[in-house]
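Summary of the model geometry
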Amino acid sequence: MPRLATVVLFCALVSPTVTGQSQSDAPGAAAFYAVSYVEVTRSATAQALTALKQYREANRSRDGFVSIELFEQSGRPGHFGIIETWRDQKGFDGRDPAVQKRLGEALQPIRVSGYDQRPYKTLTVVPARSRANGRAVYVISHVDVTPDPRVATMLRQLAEASRRDEGNLRFDVLQHTMRANHFTVVEMWRNERALDAHVAAPHTKQYRDELQPFTGSPLDERVYRAVE
């Protein structure tokens, strides 16, 4: 898939070995995901990362917590993606407001963009084949289409085929809880070579050809690295 040099963040829908995930919980069909985006000044990258890690640690003991994954866009310091995975929306809604406030106060003086947070549910998710690491290549894609139930089927089929590709470590699809025509795809590949082979695969080309009539703009696909 072509990759645009802009940001996203993504979401961790993986086994308990993944960074920031509770050992007692694992995401399921009823899991709730919050996918967030924030950009800070380049000089404040380390400061923002410290605040995000503190936010993750403060939530780790909350009931219903599964994971919080942090990503930084490749080649774009200060562009972060945060994916929170909770057992259900009740757990997410039960977070400590004081923790949320501390994160907002830490980011406010250094942010370039607002803290953009969006709610998601599971479309198709399976445990990752590897824990998060700095060597893997992550691709986060946003798919906005005209409402049509065929799109969800296309994405499920793409996920099933892509998980069989050599070097694929994860391929998950989330669906917006309030906008059924909005999806986020999270990919994890062993290396660039595996990703390039996937891009050229017949099932990837077929998916893009079939999806094109439903899209109003090019797919928003961005490359990230995991921040442990």
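Quick caveat, the model's predicted, so the values are computed rather than measured.

The rules we used
- Residues numbered from 1 in each chain as written.
- Predicted model: local features only at pLDDT ≥ 70, side-chain atom pairs only at ≥ 80, totals over all residues.
- Heavy atoms only, no water.
- Axes fitted to C-alpha atoms, helices over the stretch in contact; angles between N-to-C directions.
- Helix = DSSP H or I, 4+ residues; strand = E, 2+ residues; numbered from the N terminus.
- Parallel < 35°, antiparallel > 145°, perpendicular 65-115°, else oblique.
- Contact = heavy atoms within 4.5 Å.
- Nonpolar A, V, L, I, M, F, W, Y, C, P; charged D, E, K, R; others polar.
- Pairing = 2+ DSSP bridges.
- Buried < 20%, exposed > 50% of the residue type's maximum accessible area, 1.4 Å probe, protein only.
- Polar contact = N/O pair within 3.5 Å; in protein donor to acceptor, adjacent residues only side chain to side chain.
- Core = buried A, V, L, I, M, F, W, Y, C linked by side-chain atoms within 4.5 Å.
- Salt bridge = Lys/Arg side-chain N within 4 Å of Asp/Glu carboxyl O.

**Focus: the packing of helix H5 (residues 192–200) against helix H6 (residues 202–211)**
In contact at an axis separation of 5 Å, H5 and H6 are set at 55° when each is read in the N-to-C sense. If you check the angle between H5 and H6, you find them oblique. On H6, the residues touching His198, Val199 and Ala200 of H5 are Pro202, His203, Thr204 and Lys205. Residue composition of the contact of H5 with H6, grouped by class: three nonpolar, three polar and one charged.

**A closer look at the sheet that holds strand S5 (residues 137–144)**
Strand order in this closed barrel of eight strands is S1-S3-S2-S8-S5-S7-S6-S4, and the pairing throughout is antiparallel. Averaged over all adjacent pairs, the angle separating strand axes in this sheet is 35°, with direction ignored. Packing of helix H4 (residues 149–162) onto the sheet brings it into contact with strand S4 (116–124), strand S6 (168–176) and strand S7 (182–189), and relative to S6 it is tilted by some 165°.

**Things to note about the side chain of Glu84**
Within the element layout of this structure, Glu84 appears in strand S3 (residues 79–86). Residue classification places Glu84 among the buried positions, given a relative accessible area of 0%. Side-chain polar atoms of Glu84 contact the side chain of Trp86, separated by 3.0 Å. Setting aside anything within four residues of it in sequence, one finds Glu84 in contact with Phe32, Tyr33, Ala34, Tyr55, Ser67, Ile68, Phe92, Arg95, Tyr115 and Gln117.

**Looking at the nonpolar core**
Among the nonpolar cores identified, the biggest contains 23 residues, and Val143, Leu155, Phe183, Tyr207 and Leu211 are the most heavily contacted of them. Elements that contribute at least two residues to this core include exactly S5, H4, S6, S7, H5 and H6. When residues in this core are grouped by element, the largest group, six residues, is from H4. Sequence-distant contacts of Leu211, that is, excluding residues within four places in its chain, are made with Val143, Val145, Val151, Met154 and Leu219.

**Here we look at the pairing of S3**
Most of S3 is tucked away: eight of the eight residues are buried. Looking at chain direction, strand S2 (residues 65–73) and S3 are connected through seven bridges and run antiparallel. By the bridge assignment for S3, Ile68 is matched with Glu84. Hairpin connection between S2 and S3: a loop of five residues separates the two successive antiparallel strands, and Gly75 in this loop has a positive phi of roughly 75°.

**A look at the pattern of salt bridges**
Summed over the entire model, instances satisfying the criterion amount to 13 salt bridges. Two residues, Asp172 and Arg163, come together in a salt bridge whose shortest N-O distance is 4.0 Å. Relative accessible area serves as the criterion here: at 12%, Arg163 is assigned to the buried category. A salt bridge links Arg222 to Asp220; the nearest nitrogen and oxygen atoms lie 2.4 Å apart.

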